[in-house]
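Coordinates in review
Each chain, letter by letter, is given below.
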Amino acid sequence: MMKQSSPRRALVTGASSGIGAATAHRLTTEGWQVFAVARRAEKLEHLAEQEGIIPLACDITDREQVDQALEQVQAQGGIDTLINNAGGALGIDPVAEGRLEDWRWMFEVNVLGTLNMIQAFLPMLRAHGEGTILNVTSTAGLVAYEGGAGYNAAKFGEHALTGALRLEEAEHNVRVIEVLPGMVHTEEFSAKRLRGDAAAAEKVYAGVEKPLVAEDIAEVITSAVTLPHHINMDQIVVRPVAQAAQHKVIRKS
Ligand code: 8X3
């Protein structure tokens with residue numbers, strides 16, 4: 001069996017911005033080598049300047065592209081850690097009016113894209129001997145809320161996939177970590193969900209003292225994957241103090 005390689009090597013999806021970009025940066029400052037994956041190559045250019053980051057353009061919803069990414073990673077030494085961060089929400093419609101195309105996109109990127117990555121990279125992680133998979137899901141995968149149904153359904157799905165995977169992979173010594181962020185103020189999450197309405201997106205965080213930022217989640221992810229391999233932080237729910245629960249957010253005007 002191989003031991004943890006030195007330096008550690010990860011692949012991070014959704015790495016062009018937000019939590020993914022912050023995680024790629026944070027890991028490289030800790031001495032890791034990081035394959036930074038995003039759909040469009042031009043969105044990864046700014047990352048390429050950082051030592052230790054290898055940009056890799058790949059649409060995770062396209063299995064052929066994922067298999068090509070696997071080949072490139074294999075050719076460049078492989079990974080011991082897969083961080084499935086790509087995902088997102090689209091729309092805040094009630095179930096009665098939800099748009100099928102939004103639901104489809106959310107299932108594709110949150111559930112099936114994650115599945116593609118796991119299926120492609122599992123043999124490499126098993127062969128390593130001390131592999132790690134970390135899925136960034138959401139508190140939306142634990143509690144449903146009004147206007148959240150499509151995103152809730154997708155994140156409940158990704159949460160379930162993660163739980164089953166942990167049970168299945170323990171015998172292969174692949175640890176499976178789930179990070180479930182609550183309210184995180186990133187430049188893209190709410191803007192995308194609210195179809196580009198920047199003012200409405202800012203209102204999501206209005207009056208919230210110290211909402212979490214991408215770097216906060218990157219810190220949690222880095223801690224979890226840096227712990228000795230026999231320690232599995234299997235579910236980590238991360239919220240700002242001001243968000244005591246999905247339905248209870250303290251706002252100061
Ligand atoms: C984001 C958290 O509260 O918008 O995944 O569902 S929330």
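Structural data are supplied above this passage.
Computed from a predicted model, the values in this text were never measured in an experiment.

Residues in close proximity to the ligand include Ser138, Ala140, Tyr145, Tyr151, Pro181, Gly182, Phe189, Arg193 and Gln246, which together make up its full environment. In this structure, Arg193 approaches the ligand through a side-chain N or O atom, which is 3.4 Å from an oxygen atom. In the environment of the ligand, an oxygen atom lies 2.7 Å from a nitrogen or oxygen atom belonging to the side chain of Gln246. Calculation on the ligand without its partners gives an accessible area of 250 Å², and the protein chains cover 85% of this total. Of the residues that constitute the shell around the ligand, the class distribution is five nonpolar, three polar and one charged.

Moving on, we get to empty space enclosed by the protein. Within this structure, the stated rule accounts for one cavity of 30 Å³ or more. Here the largest cavity is characterised by a volume of approximately 90 Å³. If you trace the largest cavity, you find 17 residues lining it, with Leu90, Asp93, Trp103, Met106 and Gly150 closest to the centre. When contributions to the lining of the largest cavity are tallied by element, the ones reaching two or more residues are helix 4 (100-128) and helix 5 (149-169).

Taking 1.5 Å as the rise per residue, helix 3 (residues 63-75) with 13 residues should run 18 Å; its terminal C-alpha atoms sit 18 Å apart, in good agreement. Those residues of helix 3 hidden inside the fold are in contact with strand 1 (9-13), strand 2 (33-38), strand 3 (53-57) and helix 4. Between the side-chain oxygen at the start of helix 3 and the backbone nitrogen of Glu64 there is a gap of 3.0 Å, and the oxygen is on Asp62. Positioned one or two residues after helix 3, Gly77 has a phi angle of 105°, which is positive.

With that out of the way, let us pick up the sheet that holds strand 6 (residues 175-181). Spatially, the seven strands line up as an open sheet ordered 3-2-1-4-5-6-9, and their pairing is parallel. Each of the sheet's edge strands pairs with one partner strand only, and the pair in question is strand 3 and strand 9 (235-238). Between one strand axis and the next, the sheet turns by 15° as a mean value, whatever way the strands run. Relative to strand 4 (residues 81-84), strand 1 runs parallel, the two being bridged by three bridges. Bridging across to strand 4, Leu11 finds its partner in Leu82. Each of strand 4, strand 5 (132-136), strand 6 and strand 9 is contacted by helix 8 (residues 214-226), which is oriented at about 165° to strand 6, the strand it contacts most.

Further remarks concern the nonpolar core. Judged by nonpolar contacts, the single largest core of 33 residues is most densely connected at Leu11, Val73, Ile79, Leu82, Phe121 and Ile133. Elements that contribute at least two residues to this core include exactly strand 2, strand 3, helix 3, helix 4 and helix 5. When sequence neighbours within four positions are dropped, the list of residues in contact with Val73 reads Leu11, Phe35, Leu56, Gly78, Ile79, Phe121 and Met124. Among the nonpolar cores identified, the runner-up in size contains 30 residues, and Ala10, Ala15, Ala21 and Ala224 belong to it.

Rules behind the numbers
Residues numbered from 1 in each chain as written. Predicted model: local features only at pLDDT ≥ 70, side-chain atom pairs only at ≥ 80, totals over all residues. Heavy atoms only, no water. Near = heavy atom within 4 Å. Polar contact = N/O pair within 3.5 Å; in protein donor to acceptor, adjacent residues only side chain to side chain. Areas by Shrake-Rupley, 256 points an atom, 1.4 Å probe, with all protein chains shown as cover. Nonpolar A, V, L, I, M, F, W, Y, C, P; charged D, E, K, R; others polar. 1 Å grid on protein atoms, 1.4 Å probe; cavity = no way out; pocket = protein on both sides within 12 Å on 5 of 7 lines; lining within 4 Å. Points joined across faces, edges and corners; volume = space filled by probe spheres on them. Helix = DSSP H or I, 4+ residues; strand = E, 2+ residues; numbered from the N terminus. Expected span 1.5 Å × (residues − 1). Contact = heavy atoms within 4.5 Å. Pairing = 2+ DSSP bridges. Axes fitted to C-alpha atoms, helices over the stretch in contact; angles between N-to-C directions. Core = buried A, V, L, I, M, F, W, Y, C linked by side-chain atoms within 4.5 Å. Buried < 20%, exposed > 50% of the residue type's maximum accessible area, 1.4 Å probe, protein only.

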